[in-house]
Amino acid sequence: MTRIFPMLASLSLMLMGVAVAMGFTIGDLYAEPVTQATLDWRGRHMMTGVAAALAVVLVECIAVTYFIGTSRWCKEVTETYRLPPEDLKESNRLKRRTFPWCVLGMLTVVAVGSLGAASDPGTGRADTADWTDIHLAAAIGGLCLVAWTYYRAWLNIADNQQVIERIVAQVRRIRDERGLDSPAANEAISASAG
């Protein structure tokens, strides 16, 4: 996960950056008459923005799901092997520290998209031009904020990976001490299953 997450996060940030760049090149939606090329470019910008928002939500959800799954795994292994609870507590602490960042990232893209909708002259509202600068600022700030939420999640994922490695090492030691992975133990398990 420590290698996959940064790659997915980078791809979603690039998509978000493309949506921002497309917004700069739309042209004047408030001039009369609006050209068909401008309207087409606006549509592409909107679809790219929606795709970027969905990508951000997907990446943030992957981080949340990772922590839900790994903290559950830590709990079950800690209870099964009667390990000290420190690593389990650390995993839960990391999960709780990551969740608000992921929610913030998701809410950020919702806010940017909402401001984009408020600035769309296609809605027929009279004040849409007033929202364009706000949408632009939110899009640039949102890109930075989402990048920060990814960074925080990635740091916590890396720390959680170390917790998992410590638990695995403890389990390996216990299994070796009890001879649970010896050929004789494996034969006994096979014989009882068959």
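Calculation notes
- In this convention, every chain numbers its residues from 1, walking through the sequence in written order.
- A pLDDT threshold of at least 70 governs which residues receive local features in this predicted model, and a stricter bar of 80 or more applies before side-chain atom pairs are shown or counted, although totals over entire chains, interfaces and linings include all residues.
- Each side-chain value is worked out from all heavy atoms of the structure, with water and hydrogens disregarded.
- Helical segments are the DSSP runs of H or I of at least four residues, strand segments are the runs of E of at least two, and each set is numbered from the N terminus.
- This radius of gyration counts C-alpha atoms alone. The globule rule is 2.2 Å times how many residues there are, raised to the power 0.38.
- Each residue gets one of three labels from its accessible area relative to the maximum for its type: buried under 20%, exposed over 50%, partly exposed in between, using a 1.4 Å probe on protein chains only.
- Residue contacts are counted whenever heavy atoms from the two residues lie within 4.5 Å of one another.
- Shrake-Rupley sampling with a 1.4 Å probe provides the accessible areas, and residues are treated as covered by the protein chains on show and by no other component.
- Working convention: axes come from line fits to C-alpha atoms, limited for helices to the stretch in contact. Angles between N-to-C directions cover 0 to 180 degrees.
- By definition in this entry, angles of less than 35 degrees are roughly parallel, angles greater than 145 are roughly antiparallel, angles of 65 to 115 are roughly perpendicular, and the rest are oblique.
- Charged residues are taken to be Asp, Glu, Lys and Arg, nonpolar residues to be Ala, Val, Leu, Ile, Met, Phe, Trp, Tyr, Cys and Pro, and polar residues to be all remaining types, Gly included.
- Here the term cavity refers to a set of points on a 1 Å grid, laid over the protein atoms alone, in which a 1.4 Å probe fits but cannot get out; the term pocket refers to an open set having protein on both sides within 12 Å along at least five of seven lines, with lining residues being those that place an atom within 4 Å of a point.
- Grid points are joined across faces, edges and corners, and a volume is the space filled by probe spheres set on the points.

Enquirer: Account for the overall build of the protein, with residues named and values stated.
Expert: Per the secondary structure count, the protein includes 5 helices and 0 strands. Here the protein has a C-alpha radius of gyration of 24 Å; the compact-globule value for 194 residues is 16 Å, and the former is much larger. Taken over the C-alpha atoms alone, the protein extends approximately 85 × 35 × 20 Å along its principal axes. Counting the 194 residues in the protein, one finds 34% classified as buried. The contacts of the protein with a sequence gap of at least 6 include a subset with a gap of at least 24, amounting to 75%. For the protein, the accessible area works out to roughly 11,300 Å², and carbon and sulfur atoms hold 65% of it.

Enquirer: With reference to specific residues and values, describe the environment of Met47.
Expert: Considering the arrangement of structural elements, one finds Met47 in helix H2 (residues 36-81). The class of Met47 is exposed, set by a relative accessible area of 55%. In this structure the C-alpha to C-alpha distance between Met47 and Thr78, which are 31 residues apart in sequence, comes to 46 Å.

Enquirer: Before we move on, can you summarise the packing of helix H1 (residues 4-24) against helix H4 (residues 132-178) with the specific residues and values?
Expert: Look at H1 against H4: their axes get within 10 Å of each other, and the N-to-C directions meet at 175 degrees. As summarised for this structure, H1 and H4 are arranged roughly antiparallel, according to the angle between their axes. In this structure, H1 uses Phe5, Pro6, Ala9, Ser12, Leu13, Met16, Gly17, Val20 and Phe24 to contact H4, whose residues at the interface are Leu136, Ala139, Ile140, Gly142, Leu143, Val146, Ala147, Tyr150, Ala153, Trp154 and Ile157. Taken together, the residues that form the contact of H1 with H4 break down as 17 nonpolar, 3 polar and no charged.

Enquirer: Tell me what's going on with the side chain of Asp87, and back it up with residues and numbers.
Expert: Note that Asp87 resides in helix H3 (residues 86-118). Of the residues examined, Asp87 reaches a relative accessible area of 9% and is grouped as buried. Not counting residues up to four positions away in its chain, the partners in contact with Asp87 are Val163, Arg166, Ile167 and Gln170.

Enquirer: Which residues make up the layout of surface pockets, and what values do they have?
Expert: Roughly 780 Å³ of internal volume is contained in the largest pocket. Secondary-structure elements contributing two or more residues to the lining of the largest pocket are H1, H2, H3 and H4. Examining the composition of the lining of the largest pocket, we find that 8 residues originate from one element, H2, more than from any other. Along the lines of polarity and charge, the residues of the lining of the largest pocket split into 18 nonpolar, 9 polar and 3 charged.

Enquirer: Mind laying out unusual backbone geometry, listing which residues take part and the relevant values?
Expert: Note the cis peptide between Glu32 and Pro33, where omega equals -10 degrees. Locating Pro33 in the fold gives a position in the loop between H1 and H2. Located in the positive-phi region is Arg82, a residue other than glycine, with phi close to 50 degrees.

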